[in-house]
Amino acid sequence: MRRWTMMVLMVLTLGAGVNAMGCATTPGRAAADALVPISDEVAMGRQMAEELEKELTMHPDAEVQRYVQQLGEQVVRSVPNRPKGLAFRFQVVDDPSQINAFAIPGGGIYVYSGLLRAMETESELVAVLSHEVAHVTRRHIAQRLVTAYGIDAIAQLALGQNPGLLGQLVGSVAAQGFMLKYSRDHERDADEWGLRYMVRMDYDPHGFVSFFHKLAGDGPQLPEFLLTHPHAEDRIERIEALIDQLPQTPTRDGREAFQAMKPKF
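Note that residues are indexed from 1 along each chain, following the sequence as it is written. A pLDDT threshold of at least 70 governs which residues receive local features in this predicted model, and a stricter bar of 80 or more applies before side-chain atom pairs are shown or counted, although totals over entire chains, interfaces and linings include all residues. Side-chain figures throughout are based on the complete set of non-hydrogen atoms in the structure, without hydrogens or water.

A. View of the environment of Thr-121. Assignment of secondary structure puts Thr-121 in the loop between helix 5 (113-117) and helix 6 (122-137). Considered as a pair, Thr-121 and Arg-255 are 134 residues apart in the sequence and their alpha carbons are 4.3 Å apart. Apart from the residues lying within four places of it in its own chain, the contact partners of Thr-121 are Asp-253, Arg-255 and Phe-258. Side-chain atoms alone can form a polar contact between residues adjacent in sequence; in general such a contact is a pair of N or O atoms within 3.5 Å, and within protein one must be able to donate a hydrogen while the other accepts it. Of note is the side chain of Thr-121, whose polar atom sits 3.2 Å from the backbone nitrogen of Glu-124. Only DSSP runs of H or I reaching four residues or more are called helices, and only runs of E reaching two or more are called strands; each is numbered from the N terminus. Between two residues, a contact is recorded if the distance between any of their heavy atoms is within 4.5 Å.

B. Just the packing of aromatic side chains, in detail. A pair of Phe, Tyr and Trp rings is counted when the ring centres sit within 6.5 Å of each other, with Trp represented by its six-membered ring. The angle between the planes then sorts it: under 30 degrees is stacked, over 60 is edge-to-face, the rest tilted. Summed over the entire model, instances satisfying the criterion amount to 7 aromatic pairs. Between the aromatic rings of Phe-102 and Tyr-110, the centroid separation amounts to 5.1 Å while the plane-to-plane angle is 15°, which identifies the pairing as stacked. On the basis of relative accessibility, which here comes to 1%, the residue Tyr-110 falls in the buried class. When the ring centre of Trp-193 is taken as reference, the NZ or CZ atom of Arg-196 above it lies at 4.2 Å. The rule is simple: take the accessible area with a 1.4 Å probe, protein chains only, and divide by the maximum for that residue type; under 20% is buried, over 50% is exposed, in between is partly exposed. In this analysis the charged atom, NZ for Lys or CZ for Arg, is taken to sit over a ring once it is within 6 Å of the ring centre and within 35 degrees of the ring normal.

C. Quick peek at the environment of Leu-52. Mapped onto the elements, Leu-52 comes out in helix 3 (residues 38-55). Note on Leu-52: relative accessible area 0%, which makes it buried.

D. Representation of the nonpolar core in the model. The definition of a nonpolar core used throughout is a set of buried Ala, Val, Leu, Ile, Met, Phe, Trp, Tyr and Cys residues joined through side-chain atoms within 4.5 Å. Among the nonpolar cores identified, the biggest contains 78 residues, and Val-68, Leu-125, Leu-129 and Val-133 are the most heavily contacted of them. Looking at this core, the element that brings in the most residues is helix 6, giving 8 residues. Look past the residues within four positions of Val-133 in its chain and what remains in contact with it is Val-75, Val-76, Val-79, Phe-88, Phe-90, Ile-109 and Tyr-197.

E. Here's a closer look at the sheet that holds strand 3 (residues 89-93). One bridge is not enough; two strands pair if DSSP finds at least two bridges between them. Ordered in space as 3-5-4, the 3 strands form an open sheet in which the pairing is mixed. If you trace the sheet from one side to the other, it starts and ends with strand 3 and strand 4 (101-103), each paired once. The sheet shows a mean angle of 15° between the axes of neighbouring strands, taken without regard to direction. The sheet contact formed by strand 4 and strand 5 (residues 108-112) spans 3 bridges and is antiparallel. In the sheet register, Phe-102 faces strand 5, and the bridge partner there is Tyr-110. For helices, the fitted line uses only the C-alpha atoms of the stretch in contact; every axis is such a line through C-alpha atoms, and the angle between N-to-C directions lies from 0 to 180 degrees. Contacting strand 3 and strand 5, helix 4 (residues 62-77) crosses the sheet at an angle of about 145° to strand 3. Sheet strands touched by helix 6: strand 3, strand 4 and strand 5. Its angle to strand 4, the strand with the most contacts, is close to 20°.

F. Layout of the packing of helix 3 against helix 9 (residues 163-176). One can describe the packing of helix 3 onto helix 9 by two numbers: an axis separation of 10 Å at closest approach and a directional angle of 45°. Comparing the axis directions of helix 3 and helix 9 gives the class oblique. Helix-helix and strand crossings are classified by hand; for helix 3 and helix 9 the assignment is right-handed. Here helix 3 contributes Gln-47, Met-48, Glu-51, Leu-52 and Glu-55 to the contact with helix 9, which in turn contributes Leu-166, Leu-169, Val-170, Val-173 and Ala-174. Its residues assigned to classes, the contact of helix 3 with helix 9 comprises 7 nonpolar, 1 polar and 2 charged. Each angle receives one of four descriptions, namely roughly parallel if under 35 degrees, roughly antiparallel if over 145, roughly perpendicular if within 65 to 115, and oblique otherwise. Two helices crossing with the near one rotated counterclockwise from the far one by less than a right angle form a left-handed crossing, whereas a clockwise rotation gives a right-handed crossing. Throughout this entry, Asp, Glu, Lys and Arg are counted as charged residues, while Ala, Val, Leu, Ile, Met, Phe, Trp, Tyr, Cys and Pro are counted as nonpolar. The remaining residues, Gly among them, count as polar.

G. Local environment of the packing of helix 7 (residues 140-149) against helix 10 (residues 184-200). Look at helix 7 against helix 10: their axes get within 11 Å of each other, and the N-to-C directions meet at 170°. The angle between helix 7 and helix 10 falls in the class roughly antiparallel. Residues His-140, Gln-143 and Arg-144 of helix 7 touch helix 10, and the partners they reach there are His-186, Asp-189 and Ala-190.

H. Region of interest: the pattern of salt bridges. Any Lys or Arg side-chain nitrogen found within 4 Å of a carboxyl oxygen on Asp or Glu counts as a salt bridge. By the definition in use, this model includes 11 salt bridges. Here Asp-191 ties to Arg-235 by a salt bridge, and the two come within 2.8 Å at their closest N and O atoms. Taken together, the positions of Asp-191 in helix 10 and Arg-235 in helix 13 (residues 232-244) put the pair 44 residues apart, joining distant regions of the chain. The class of Asp-191 is buried, set by a relative accessible area of 2%. Relative accessible area serves as the criterion here: at 1%, Arg-235 is assigned to the buried category. Residues joined by salt bridges that share partners form a network here, namely Glu-187, Asp-191 and Arg-235.

I. Here's a closer look at the side chain of Glu-41. Tracing the chain through its elements places Glu-41 in helix 3. Glu-41 gets classed as buried once you look at its relative accessible area, which sits at 1%. Other than its neighbours up to four places away in sequence, Glu-41 contacts Val-36, Pro-105, Gly-106, Arg-139, Ile-141 and Ala-142.

Here is the structure:
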C-alpha cells in the first residue's frame with residue numbers, strides 16, 4: 001500500500017475534531033491538514049496562478065477588479081478561525097460567455113464576467129464568493145488533490161518538480177472552468193459554511209437562493225458549482241432550510257451598489 005494512502009487512513013481513523021465554533025471538523029479536512037501543509041498549498045497556487053493567467057484574459061477594468069477583490073476580502077474577514085497562511089486573491093476573468101467561478105489551491109478565486117452579468121445584487125455575488133472561499137478554508141481542494149493524485153505527486157507539485165501535473169491542472173481549469181469535481185459532501189459543506197460567512201457579513205442569505213433559482217433554469221449554462229452533486233434543486237431546498245433555522249436573517253442585498261457597477265462588467 002502506498003505511503004500516502006496509509007497516512008490518510010491513519011488520519012481518518014482519528015475521527016472528526018472540533019473547531020473553535022463547536023462544529024465538527026470533517027475527517028477529510030483533518031487528513032488535508034495533516035498531509036498538505038498550507039504553505040505547500042499556497043506554493044501550488046502561486047505556480048497555478050502564474051500559468052493560468054497566461055491562458056485566461058483578465059478583465060481590463062481596474063475598478064471591476066478592485067470591487068470584487070474588496071468584497072472577497074470582506075468574505076475572508078468573516079471566516080471564524082480561518083486557517084493561517086492562506087493567500088486569498090480575487091480576480092475577474094473577462095469572458096461574457098462563461099457563467100462560472102472557481103478556486104485554486106491556496107486562495108486564488110476567479111469569477112467570470114459572464115457570471116457577474118447574470119447577477120442582480122451584491123448578495124448574489126457574496127453568495128458565490130463565500131461558497132468558493134469555503135472550499136479553500138475547509139481544505140476541500142487539498143483533499144481532492146490528494147485523493148486524485150496522491151501525496152507524493154502533490155508534494156512534488158508544491159516544490160515545482162511536477163510540471164506535467166501543473167500543466168494538466170491548468171489546462172483543465174482553462175478549458176472547463178474547474179480543476180477537479182468536488183464531492184457531494186464538499187459541495188454541501190461549502191454551501192453551509194458559505195451561508196454562515198455571508199450572514200456574518202450581514203448580507204441577505206436569500207442571495208444564495210435567488211441566484212441558484214435563476215441559474216437552475218439555464219440548462220447547459222449551469223456553472224460547475226451547480227452541475228456537481230447534489231442536484232441544484234436539492235441544494236436550494238437545503239439552503240432554504242438552513243436559512244429558516246437562522247434566529248435572525250439579514251436583509252441587506254447591496255442592489256444599488258451592484259447595479260452601479262454592472263455596466264462595467
